[in-house]
2 protein chains.
Amino acid sequence: MAQKPSIPKGTRDFGQIEMAERNYIFDTIRSVFRKFGYSQIETPAMENLSTLMGKYGEEGDKLLFRILNSGDAFAGVDMTRPLTSQVCEKGLRYDLTVPFARYVVQHQSEISFPFKRFQIQPVWRADRPQKGRYREFYQCDVDVIGSKSQLLELELVQIADEVFRRLDINVLIKINNRKVLSGLAEICGAPDKVVDITVAIDKLDKIGLEAVEAEMIEKGLTPEAVKLLEPVLTLSGSNEQKIASMRSLMAESQIGQKGLDELEELFGYIKAAGIETACEIDLSLARGLNYYTGAIFEIKALDWQIGSISGGGRYDNLTGIFGLPDMSGVGISFGADRIYDVLKGLNKFPESLGGASDLLFANMGAAETAYVLPVASGLRSEGLSVEIYPESVKLKKQFDYADRKRIGFLSICGENEMAAGTIQIKNLRTGDQQSFDKGDIASMKAFIKA
Amino acid sequence: MAQKPSIPKGTRDFGQIEMAERNYIFDTIRSVFRKFGYSQIETPAMENLSTLMGKYGEEGDKLLFRILNSGDAFAGVDMTRPLTSQVCEKGLRYDLTVPFARYVVQHQSEISFPFKRFQIQPVWRADRPQKGRYREFYQCDVDVIGSKSQLLELELVQIADEVFRRLDINVLIKINNRKVLSGLAEICGAPDKVVDITVAIDKLDKIGLEAVEAEMIEKGLTPEAVKLLEPVLTLSGSNEQKIASMRSLMAESQIGQKGLDELEELFGYIKAAGIETACEIDLSLARGLNYYTGAIFEIKALDWQIGSISGGGRYDNLTGIFGLPDMSGVGISFGADRIYDVLKGLNKFPESLGGASDLLFANMGAAETAYVLPVASGLRSEGLSVEIYPESVKLKKQFDYADRKRIGFLSICGENEMAAGTIQIKNLRTGDQQSFDKGDIASMKAFIKA
């Protein structure tokens, strides 16, 4: 009868401490999103497969979790044709971006644009599970759609700046622009080689200038084009200097100049707003090159070795596939699992997290319990989290319970306290102990919250 | 190319206002759970079908959403055998109770018992969608497992009392006990007729005494047994009087007396703790008769016509099916969708909900934007939610945006303000307008938060 219970591979249970730590991340992110006027939305876990399919490439389609049609899914299927599409009409969402695009199009008449939304929900991918890669994980996305103003890029940089300062993680915000990359490809006479060029630039640190140049030639660039790009590969100095160098290099490229204008404007805003976090132009950012059309962001933790912990960019045609063209938007996504790993690795979670209660009343019997019940209620009314141990078992066991649940204060009230009308409370961390009049809730609170 | 987007039937999108209203419910419930020392856990959306199947009856098995195995699900299947079980190993969780039982058994060595947990997550059921019934909906469950103490029943009553007082919903907490029902069936000489008797009692208000007695006879009770039950059917008076009447009626039934002892103890606790909400013995509560073993709870909204908005009870063998016998627990579940309907129907959501931002800075151009940027940052540092309209379009459009997003304050700063070093802020509700020194963040905050 009894089964040994387990959960599907790549999924996780989150217990008391882990939940408290995760909620600390989500609550921080959420409160910053709200300060900038972003409103939360939620979409269903299940979307029609027609909404999801073809949006993530061929590989993505394979990684969708499909849901068997309810009722008798196999009734009337044609066994000579592929079965999957006949028996599954719905799938679990793969990210929050496509559901967001679908939401915007479906609800366009109710939405006031520019539409600033955030969304924190799990997504599911049938990836091969491995360390740090799960089949169910949360995404935290913040996007604004319906305006081309780069004040919105600034807002996302401000949000990232504040989120990571609050979480006490040192980060570098790397910024690129898709139009600048197009400009580079253009001056090389290879407008179709944007990705190859960007990927090659990204390898500079690892394999050196010569190897990068060799790779570009191998990818089909002419030696002249590669020579032309050399100043880009060796680009250094301040953001202003980088922009100036590229200005002269790409004098011939209209789209390149447009991209530099955008970078210049954005860095102007960043300066005016007084962003504290370091922001740096990085031409090797190759994130989302097939859909980003303007700014590209990537955020790196400086004190912990891990990939990017946040990233995003501007897209000009997210909703086009659902019939609403020309809606420009920009967004970034915070990687909750990686942020978790950084905070854990650097031991930066606040110490107080995960303690479920402030105070435990030990259970000394029925009469004693009736005596402390109103005191417990009084303390709860003052906002404290208070437990009464449910059974009058050995004190050792009750102590252990307080210890394992990280409860900081214990009250043991027996016959003496009842006779005297007092309440004893002990600070389990310091050993400090005090006695209070049973009606003096305020002093008890002050002792516990000191 | 363009598809008309939609979502699967029985599922919902939640926009800005609805999310704020729903979060108000969840935040209230969560904060009360925490005050009583319950910790949050989360379990995966997908569970192994072996965990879910057979736990909800035959009907429940049919309502499980099954997930097609990833990879080529149909490779190597035996077409002569039923396909579903060959191609689906996982399903979406149907409730939070079975995953909780699975969690407790799987993590028993890490858990400190009694284990007080709450869980607020969506569940999925392939029910036929209809008004008020969805295929995806949230459950808010609070349970404690590993103790038989009725102090825990009291805690759940305290939690319900506080949740509904905070939400400003008048409720009646109805309490029954499974052992009392068993006692009634026993004295009727029909221990297998517990459900029939309870269901018949439940119809008393609607069909009257005679019809109820006729129905019981039809269900196989003897006329003598029905006569014996008559005092129960016409039971009235205080909870103490009801208990006393049943004491004499069930003098012969050991289990009945045990149930009455439990009711008496629980009502004693309720009195000692000073619960404000009305609590009433109701023998017709038939919730979960196949798994509840002690107390049964149901909570009814008094001012709005709807089924129960919360309910639960004590179970003695929840984890037995997963190989951990003799773990008694008790829990209640809050029906978020019904609570939402009550608050909406009674117009009891706080007015301030759903306003995404406190203040919108109108966009009057690039120089003006640079002028207000540090002020916006300053106000956000003080905890305000502040937006800058991203484009310098007509003021009418910017006003409309503030209006539709329920933003209460608008600042229009043009050349005059820049020259004077001031910030104008207008209260859009009262029309009240004031001018501030641009560095005087504190006064602006006071004006907005007044």
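Residues numbered from 1 in each chain as written. Chains lettered and ligands numbered in written order. Predicted model: local features only at pLDDT ≥ 70, side-chain atom pairs only at ≥ 80, totals over all residues. Heavy atoms only, no water.

Trainee: Help me understand the overall build of chain A, please; the structure alone is not making it clear to me.
Mentor: When you go through chain A residue by residue, the secondary structure sums to 17 helices and 16 strands. Whereas a compact globule of 450 residues would reach a radius of gyration of roughly 22 Å, chain A reaches 29 Å, over 25% beyond that. Once the C-alpha set of chain A is aligned to its principal axes, its extents read approximately 95 × 65 × 45 Å. Considering chain A as a whole, with its 450 residues, one finds that 59% of them fall into the buried category. (Helix = DSSP H or I, 4+ residues; strand = E, 2+ residues; numbered from the N terminus. Rg over C-alpha atoms; globule rule 2.2 N^0.38 Å. Buried < 20%, exposed > 50% of the residue type's maximum accessible area, 1.4 Å probe, protein only.)

Trainee: Can you help me understand the packing of helix α7 (residues 178-187) of chain B against helix α12 (residues 254-273) of chain B in this one?
Mentor: Helix packing geometry: the angle between the two helix axes and the distance between the axes. Residue and element names in this part refer to chain B. With their axes 7 Å apart at the nearest point, α7 and α12 run at an angle of 150° to one another. Put simply, α7 runs roughly antiparallel to α12. Seen along the crossing, α7 lies across α12 with a hand that is left-handed. Contacts between α7 and α12 pair K179, V180, S182, G183 and E186 from the former with Q254, I255, G256, K258, G259, L260, E262 and L263 from the latter. Broken down by class, the residue content of the contact of α7 with α12 amounts to four nonpolar, five polar and four charged. (Axes fitted to C-alpha atoms, helices over the stretch in contact; angles between N-to-C directions. Parallel < 35°, antiparallel > 145°, perpendicular 65-115°, else oblique. Left-handed = near helix turned anticlockwise from the far one by under 90°. Contact = heavy atoms within 4.5 Å. Nonpolar A, V, L, I, M, F, W, Y, C, P; charged D, E, K, R; others polar.)

Trainee: How should the sheet that holds strand β16 (residues 433-437) of chain B be read in this particular structure?
Mentor: Strands belonging to one sheet form pairs held by backbone hydrogen bonds; the direction of such a pair is parallel or antiparallel. Residues and elements named next belong to chain B. If you trace the five strands from one edge of the open sheet to the other, you get β13-β12-β14-β15-β16, paired in mixed fashion. At either end of the open sheet lies a strand with only one pairing partner, and these are β13 (386-388) and β16. Going across the sheet, the axis of each strand differs from the next one's by a mean of 25°, ignoring polarity. By the bridge criterion, two bridges tie strand β14 (residues 409-411) to strand β15 (residues 422-427) in an arrangement that is antiparallel. Its bridge partner being in β15, F409 is matched across the sheet by N427. Helix-sheet contacts for helix α14 (residues 366-381) involve β12 (359-361), β13 and β15, and the interaxial angle to β13 is about 165°. (Pairing = 2+ DSSP bridges.)

Trainee: Which parts of the structure should I look at to understand the nonpolar core?
Mentor: One broad rule of soluble globular proteins: the nonpolar side chains tend to lie buried together. Counting 261 residues, the largest nonpolar core has F164(A), F334(A), F164(B) and F334(B) as the members making the most contacts within it. Of all hydrophobic cores here, the second largest spans 14 residues; its members include M46(A), F65(A), W124(A) and A126(A). (Core = buried A, V, L, I, M, F, W, Y, C linked by side-chain atoms within 4.5 Å.)

Trainee: It is not clear to me how the relation of the copies chain A and chain B should be interpreted in this structure. Could you clarify?
Mentor: Here the second copy of the chain follows from the first by a rotation about an axis and a shift along it. Superposition of chain A onto chain B requires a rotation of 180° combined with a translation of 0.0 Å along the rotation axis, giving an RMSD of 0.1 Å. With respect to symmetry, the two chain copies, as superposed, fit the operation of a two-fold axis. Distance from the rotation axis, computed per C-alpha, reaches its smallest value in chain A at I67(A): 2.2 Å. Of the interface residues in chain A, 100% have counterparts in chain B that sit at the interface too, so the contact is made through matching surfaces. (Least-squares fit on C-alpha atoms with pLDDT ≥ 70 in both.)

Trainee: Where do I start with the interface of chain A and chain B in this structure?
Mentor: Interface size, as often reported, equals the accessible area lost upon joining of the parts. Counting from both sides, the interface comprises 98 residues of chain A and, opposite them, 99 residues of chain B. Roughly 7900 Å² of surface becomes buried between chain A and chain B when both sides are summed, with 57% attributable to carbon and sulfur atoms. Here chain A is connected to chain B by four salt bridges. Of the charged contacts in the structure, one is a salt bridge between K116(A) and E387(B), with a shortest N-O distance of 3.0 Å. (Buried area = accessible area lost by both parts, 1.4 Å probe. Salt bridge = Lys/Arg side-chain N within 4 Å of Asp/Glu carboxyl O.)

Trainee: Looking at this model, I keep getting lost on the packing of aromatic side chains. Mind explaining?
Mentor: Both the distance between ring centres and the angle between the ring planes are used here to describe each pair of aromatic rings. A full pass over the atoms with the stated rule returns 27 aromatic pairs over all chains. Note that R12(A) overlies the ring of Y134(A), its terminal NZ or CZ placed 3.4 Å from the centroid. Over the face of the ring belonging to F14(B) we find R22(B), whose NZ or CZ atom lies 3.8 Å from the ring centre. (Phe/Tyr/Trp six-rings, centres within 6.5 Å; stacked < 30°, edge-to-face > 60°. Lys NZ or Arg CZ within 6 Å of the ring centre and 35° of its normal.)

Trainee: Would you mind showing me how to read the domain arrangement of chain A here?
Mentor: For chain A, the assigned domains are domain 1 (171-302) and domain 2 (359-449). Of note, the centres of domain 1 of chain A and domain 2 of chain A, computed from C-alpha atoms alone, are 63 Å apart. (Domains from an automatic or database assignment.)

Trainee: Please clarify how the environment of Q121(B) should be interpreted in this entry.
Mentor: All names here are of chain B. Among the secondary structure elements, Q121 is positioned in strand β5 (residues 115-124). Look at Q121 and you get buried, because its relative accessible area is 5%. Taking the C-alpha atoms as reference points, Q121 and G439, separated by 318 residues in sequence, lie 45 Å from one another. Other than its neighbours up to four places away in sequence, Q121 contacts I41, E42, T43, R93, L96, F137, Y138 and Q139.

Trainee: Which parts of the structure should I look at to understand the pattern of salt bridges?
Mentor: Oppositely charged side chains can form a pair if their charged atoms are brought close together. Enumeration according to the criterion identifies 58 salt bridges over all chains in this entry. Notably, a salt bridge pairs R12(A) with D337(A), separated by 2.9 Å at the nearest N-O pair. Pair noted here: R12(A) is in the segment before α1 (16-35) and D337(A) is in helix α13 (residues 336-345), with a separation of 325 residues, a long-range link. The residues R12(A) and D337(A) share a single accessibility class, namely buried. With a shortest N-O distance of 3.2 Å, E264(B) and R247(B) are connected by a salt bridge. Of this pair, E264(B) sits in helix α12 while R247(B) sits in helix α11 (residues 239-249), placing them 17 residues apart in sequence. Owing to a relative accessible area of 43%, E264(B) belongs among the partly exposed residues under this scheme. When salt bridges that share partners are traced, they join K116(A), E155(A), E387(B) and K405(B) into one network.

Trainee: It is not clear to me how the sheet that holds strand β10 (residues 310-315) of chain A should be interpreted in this structure. Could you clarify?
Mentor: Residues and elements named next belong to chain A. If you walk across this open sheet you meet the eight strands as β1-β5-β6-β11-β10-β9-β7-β8, and the pairing is mixed. Lying at the two open borders of the sheet, with one neighbouring strand each, are β1 (39-40) and β8 (278-281). Pairing of β10 with strand β11 (residues 329-334), which is carried by six bridges, proceeds in the antiparallel orientation. Bridge assignment links S310 to a residue of β11, and that residue is F334. In the packing of helix α12 (residues 254-273) onto the sheet, the strands contacted are β7 (171-177), β8 and β9 (292-301), and the crossing angle to β7 comes to about 150°.

Trainee: So what exactly am I meant to see when it comes to the pairing of β10(A) here?
Mentor: The side chains of a regular strand alternate, first on one face of the sheet and then on the other. Residues and elements named next belong to chain A. The element β10 is largely enclosed, with a buried count of six among its six residues. With burial as the criterion, each face of β10 is covered, one bearing S310, G312 and R314 and the other bearing G311, G313 and Y315. When β9 meets β10, the two strands line up antiparallel, connected through five bridges. Each bridged residue has a counterpart across the sheet, and for I296 the counterpart in β10 is G313.

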